Every structure is written in structure tokens, then in C-alpha cells.
Amino acid sequence: MAKDKLIQRYSASERINHWIVAGCFIVLAFSGLAFFYPSFFWFSQIFGTPQMARIIHPFVGVIMFVGFFVQFFRYYKRNFVNKYDVKWAMSVKEVIKGEHLPNVGKYNAGQKIMFWVMTLSMIVLVTTGIIMWQPYFANSFSIPLRRVAILFHAWCALILIASIIVHVYAAIWVKGTIRAMTEGVVTEKWAESHHPLWYKEVMENYDRAEGSTKRKTSAHTAAQQASQSNHK
């Protein structure tokens, strides 16, 4: 049986950036849950001591914020909602059953919603995190403001954790998706089935590039033949 042809979905730099953000998220989730919920305080032992977990948490948060916004500026143009996304969202039950709708670009409506939820969560988390950050910034803010920051920080952290769980589950659910972020490629069949508009765009770009290469090769061959003719 012939293997399905592969097309690139993510470059090496995109994948490295993604896994840096993912690694930071894991560190932040464990350390953050240890601080906010007594039942999870034992998570702090992963970092050696609670004090070390508290020191590491905000610095890793800054790294995750920077990494995420590198992704944001790469992908935000493809994450604006359009009429096809509304149709996808209205038929999500059929999508879950595997009846994939046409006219889905590189990201479907679910992925776009996730993108914007994560973006807003990250902005709130880094803002409130700075307000709470002892000993560097917290003393510059009033105690009532710090209390509000702690509350919003906890809420957004829970939203982000829940969103990431859904994100991971969806990647596992849709066979062939994880490969995109581990190897950077997907099969043509996968792309055509799940993201047909993006697949069409990739194929058109490929055809243009191939046509341009053929034209250059033809021109080079013609030039060589003309040069040989002139020397005879």
C-alpha cells in the first residue's frame, strides 16, 4: 500500500517554540496549583522546596508569556473568525462525529476560540502576576489591588488549565494531529479532510513554486542551447 504524501504544517522553529511554551505551562500549572489550593501543596515538592517553587514560578511565567506571544504574532492573522467558522460552530455535533465540514482554513472555529481564550488569559495572568510579584513589584501596589489580582490570577489560571486540557484532548481525538507538532508534517488526506481550504492553499503554492522552477529550468536549458549554437 502506497504511503500518504506528507505536507509541512509547522516549521522546526514553530515546533520548538510550541514545546518551550508547553514545558513552561507544566511548570506553572504544578507550582501555581501548589500555591493556591492546599490539597495540591505537595506539588511544590517537585521543585525541591516550596520556596524554590515560589521563586521559579514568576520567572517561568515571563518566559511562557514571551514564547506565547511569539506564537501570537505568527498566527493571529489566521485566527480571525469568518462565516465558515460560524457554520462550523453551528454544526459542531456533526464535526465531533467525524462529518467534517468543507471550507475550513488552517484553523477551525474551535481552535480559533481556544487561541483567543489563551491570549486573553495570558495577558491577565502576566498583568496580575506582576502586581503580585514579591519582592520586586508587589510593594508598588495597594493591598486591595493585590487581593483582586490574586483572585483574577487564580480564575484565569483555571481557565487556561481547562483550555489546555481540551486542546490536548482534541489533538489526541483527531488522529494525525499530534504528528503536526512533533514532526511538523501531516498527510495530504488529513489536510484535505480536516482543513480543506488550507490544503487547497498549500497545493496552489506548491504548484506555483513547481511551475516557477520548471520555467527557470527551461530558460536555463534554452540559454545553454543558444550559447552552444553560437559557438558552433
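Residues numbered from 1 in each chain as written. Predicted model: local features only at pLDDT ≥ 70, side-chain atom pairs only at ≥ 80, totals over all residues. Heavy atoms only, no water.

- Labelled according to an unreviewed UniProt entry, the chain appears under the name Formate dehydrogenase subunit gamma, originating from Ignatzschineria larvae DSM 13226.
- Recorded in UniProt under Cofactor (unreviewed entry), the annotation for the chain is "heme". (UniProt positions renumbered as here; feature names shortened; annotations may be inferred.)

**Side note on the UniProt feature "transmembrane region" (unreviewed entry) in the chain**
Consideration 1: Here the UniProt-annotated "transmembrane region" (unreviewed entry) positions come out as residues 20-43, 55-73, 113-136 and 148-172.
Consideration 2: A distance of 21 Å separates the end C-alpha atoms of residues 20-43, which is 71% helix and 0% strand.
Consideration 3: From the first C-alpha to the last, residues 55-73 spans 29 Å; its make-up is 100% helix and 0% strand. (Helix = DSSP H or I, 4+ residues; strand = E, 2+ residues; numbered from the N terminus.)

**Looking at the packing of helix α5 (residues 109-132) against helix α6 (residues 143-173)**
Consideration 1: Running from N to C, α5 and α6 cross one another at 150°; their axes reach a closest spacing of 8 Å. The angle between the axes of α5 and α6 places the two elements in the roughly antiparallel class. The handedness of the crossing between α5 and α6 comes out as left-handed.
Consideration 2: By residue class, the composition of the contact of α5 with α6 is 18 nonpolar, six polar and one charged. (Axes fitted to C-alpha atoms, helices over the stretch in contact; angles between N-to-C directions. Parallel < 35°, antiparallel > 145°, perpendicular 65-115°, else oblique. Left-handed = near helix turned anticlockwise from the far one by under 90°. Nonpolar A, V, L, I, M, F, W, Y, C, P; charged D, E, K, R; others polar.)

**Quick look at the pattern of salt bridges**
Consideration 1: Applying the stated rule across the entire model yields three salt bridges.
Consideration 2: In this structure, the salt-bridge partner of R78 is E201, at a minimum N-O distance of 2.7 Å. Here R78 is found in the loop between α2 (50-75) and α3 (83-90), whereas its partner E201 is found in helix α9 (residues 196-231), with 123 residues between them in sequence. (Salt bridge = Lys/Arg side-chain N within 4 Å of Asp/Glu carboxyl O.)

**A word on the layout of surface pockets**
Consideration 1: Here the largest pocket defines a volume of roughly 1400 Å³.
Consideration 2: When residues of the lining of the largest pocket are traced back to their parent elements, those giving at least two are α1 (12-36), α2, α4 (92-96), α5, α6, α7 (178-182) and α8 (188-194).
Consideration 3: A total of nine residues in the lining of the largest pocket trace back to one element, the largest contributor, which is α6.
Consideration 4: Considering only enclosed or pocket space, the second largest pocket measures out at about 830 Å³ in volume.
Consideration 5: Taken together, 37 residues make up the lining of the second largest pocket; nearest its centre are H57, P58, G129, M132 and H153. (1 Å grid on protein atoms, 1.4 Å probe; cavity = no way out; pocket = protein on both sides within 12 Å on 5 of 7 lines; lining within 4 Å. Points joined across faces, edges and corners; volume = space filled by probe spheres on them.)

**Re the environment of A154**
Consideration 1: As for its position among the elements, A154 is in helix α6.
Consideration 2: For the pair formed by A154 and L33, sequence separation is 121 residues and the distance between their alpha carbons is 8.9 Å.
Consideration 3: If we ignore the near neighbours within four places in the chain, the residues touching A154 are F36 and Y37. (Contact = heavy atoms within 4.5 Å.)

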